[in-house]
Amino acid sequence: MLEKFQNLNISEVIIRALNEMGFEEPTPIQSESIPVAMSGVDMIGQAQTGTGKTAAYGIPVLEKILKAEPSKEIQTVVLSPTRELAMQVAEELNHLAQFTNIQALPIYGGQDMERQLRRLRKSPQIIVATPGRLIDHMKRGTIDLSHIATIVLDEADEMLDMGFIDDINLIMAATPNTRQTLLFSATMPKPIQQLAETFLHDPLMIRMKTKEVTMDLIEQSYIEVPDRQKFDILCRLLDLQEPDLAIIFVRTKRRVDEVSEALKKRGYSSEGIHGDLTQAKRDTVIRQFREKTIDILVATDVAARGLDISGVTHVFNYDLPQDPESYVHRVGRTGRAGQSGEATTFVIPREMEHLRTIERLIKRSIARRKAPTFSEALEGAQQAAIRNLAAAAEEGNFGSYKENAEELLANYDSASLIAAAIKLLTKEPDTTPVKITEEAPLRVHRSRQGKNNRDRNYRRNDRNRKDRRNGKEDGQERGERRRHFAPKNRDSNNHGTFRNNQRSEKNNIKNRTVPYSSLTSRTNTTIEMPSLPM
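Let us look at the structure shown here. (Residues numbered from 1 in each chain as written. Predicted model: local features only at pLDDT ≥ 70, side-chain atom pairs only at ≥ 80, totals over all residues. Heavy atoms only, no water.)

Here we look at the sheet that holds strand β13 (residues 341-347)
Paired through their backbone hydrogen bonds, the strands of a sheet run either parallel or antiparallel. Condition: Any two strands between which DSSP finds at least two bridges are classified as paired. The numbering of helices and of strands both runs from the N terminus, where a helix is a DSSP run of H or I of at least 4 residues and a strand a run of E of at least 2. Here a residue-residue contact requires only that any non-hydrogen atoms of the pair lie within 4.5 Å. The axes used here are C-alpha line fits, helices contributing only the stretch in contact, and every angle between their N-to-C directions lies in the interval 0 to 180 degrees.
A sheet is described by the order of its strands in space; here seven strands give the open sequence β10-β11-β9-β12-β13-β8-β14, paired in parallel fashion. Both outer strands of the open sheet, β10 (270-273) and β14 (367-368), are each paired with one neighbouring strand and no more. Sheet topology places strand β8 (residues 218-224) next to β13; seven bridges connect them, and they run parallel. Residue pairing across strands places I218 opposite G341, the latter belonging to β13. Sheet strands touched by helix α12 (residues 253-265): β9 (246-249), β10 and β11 (296-299). Its angle to β10, the strand with the most contacts, is close to 170 degrees. Here helix α16 (residues 352-362) sits on the sheet in contact with β8 and β13, set at roughly 165 degrees to β8.

Section: the pattern of salt bridges
Here is the rule: In the sections that follow, a salt bridge refers to a side-chain nitrogen of Lys or Arg positioned within 4 Å of a carboxyl oxygen of Asp or Glu. Using a 1.4 Å probe on the protein chains alone, a residue whose accessible area is under 20% of its type maximum counts as buried, one over 50% counts as exposed, and one in between counts as partly exposed.
In the structure shown here, the tally under the stated rule is 20 salt bridges. With its nearest N and O atoms 3.0 Å apart, the salt bridge here joins D319 to K230. Taken together, the positions of D319 in the loop between β12 (314-317) and α15 (324-331) and K230 in helix α11 (residues 230-241) put the pair 89 residues apart, joining distant regions of the chain. When its relative accessible area of 1% is taken as the criterion, K230 is described as buried. One salt bridge connects R255 with D319, and the closest N-O pair in it is separated by 2.7 Å. Pair noted here: R255 is in helix α12 and D319 is in the loop between β12 and α15, with a separation of 64 residues, a long-range link. Taking relative accessible area as the criterion, R255 reaches 0% and is therefore assigned buried. Judged by relative accessible area, which is 1%, D319 ranks as buried.

Considering the nonpolar core
Selection rule: Nonpolar core, defined: a set of buried Ala, Val, Leu, Ile, Met, Phe, Trp, Tyr and Cys residues in which side-chain atoms within 4.5 Å join the residues together.
Counting 38 residues, the largest nonpolar core has F5, L18, I59 and I126 as the members making the most contacts within it. Put simply, the parts of the chain that give this core at least two residues each are α2 (12-20), α3 (28-38), α4 (53-67), α5 (83-96), β4 (126-129) and β6 (180-185). Ranked by residues supplied to this core, first place goes to α4 with seven residues. Those residues in contact with I59, other than ones at most four positions away along the chain, are F5, I10, I14, L18, I34 and L96. If you look at the next biggest cluster of nonpolar residues, it comprises 33 residues, including L79, I143, I165 and M172.

With respect to the pairing of β9
Side-chain alternation along β9 places A246 and I248 on one buried face and I247 and F249 on a second face that is also buried. In terms of strand pairing, β9 meets β11 through four bridges, oriented parallel. When the sheet's bridge partners are listed, I248 is paired in β11 with V298. When β9 meets β12, the two strands line up parallel, connected through four bridges. Bridging across to β12, F249 finds its partner in N317.

Considerations on the environment of I273
Tracing the backbone through its elements, the reader meets I273 in strand β10. I273 sits in the buried class, given a relative accessible area of 0%. Once the C-alpha coordinates of I273 and V256 are considered, the two residues, 17 residues apart in sequence, prove to be 7.0 Å apart.

Regarding unusual backbone geometry
Within the chain, N9 stands out as a residue other than glycine whose phi angle is a positive 60 degrees. With respect to the secondary-structure elements, N9 resides in the loop between α1 (3-6) and α2. Take N9: its relative accessible area is 61%, and that puts it in the exposed class. With a phi close to 45 degrees, E242 is a non-glycine residue in the positive phi region. Here E242 lies in the loop between α11 and β9. By relative accessible area, which is 42% here, E242 ends up partly exposed.

Written out as structure tokens, the structure reads:
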């Protein structure tokens, strides 16, 4: 049953674990990556979330530890962008290692430090950590990276997008030159290429083509709709489509709270996650969603990063993402493990150009569909009731209910009784009033080519710097600025840092910062986010 895994020269204890976990055959990224990583060379793997990347690097890491001499030193570090992903990766690695003595320990912020220290004293061979908390331990002297054999940068594009470049530089500098480095990323923007040039030694590139990943299994569509009508249309879609598990992506924390509460008011089982929740609350909500105690999760992009939950059948982009590449990450939450999925995006008229930017990025057209009407939603609910009634009739096992039915038939005709049953079973669309604050649309400006475009960016940065000196910078602008860094200028005096060396003498400009979004853009469109209340 696992012949293809066995053909990759994987140890019997790992094969046994794969069988216990329900694996049947390796995914494309696993088939390509495992032999390369097991050979000991540095590697870059480009594949979307949900394609089996954890096992693609996890199996080689375990094989390397199994073949090495027993040691109490940390042998592998996996860097993760979020706490949720760190926990999920550690859990999967422990499942893969369940028939060995290898242990993987998640290290992340928001968890009690003393608890982490107690578990570190048990000498785990693998640490799965977020960059910030790992550096905390390095400064305390409770984690030493000088003897590790392998380091994995998982979801590297997201780590850079979240502003972890300086932390990554610091962590990589603390590792030995003899280490093996494995870098995995869903996208390959210029900063990732620069990171690879700095820290990887002659890496082999494993790139999965779009047709090999899950996008082809996802039915994508959009509905053009004013912001104030989004919620009612969302509810109608939920009634019509009856998703098993659905994730609704919104742009702000406030909208997470408002949409999740409004869904509860209308009778849906939903919860929301965003960056202001405590770690305990986030863990509880994610566990409820994973166990299907709730079937709708409302989330911001940052809060949902790293979520790896199987069985998500529908994704709703209630708001378009600010970064077009985030669309790929959002949609990739469904259509996993060979299953089909459905992704619906709400677009207000002023954001249509932003949608076209997304289409150019994914190299496909997203189908337009009409918003369902109230009558269509009611018809859909009636059809669902009829299906449920017919399924119950086919199952039988009526017991005393049949006697009650015969008694009713003595007084009423059968058509009236069935109509009454359908009416009782039909969940009519709920129109309970709710409050959803309207958000300003994304603004898309078409910039001109060449020098004028670059000079405009420099002037804008110059104005921003003057505003900061004059105290005009607000909290949101500071938060956005943390995500900005310039292309690196590699030299012996400033190795591994990012500097802008373009036109510096002519313009007398030093260390100008360039927005990361402009570095990753594949078009000449600059996308700006208006000031939004979070």
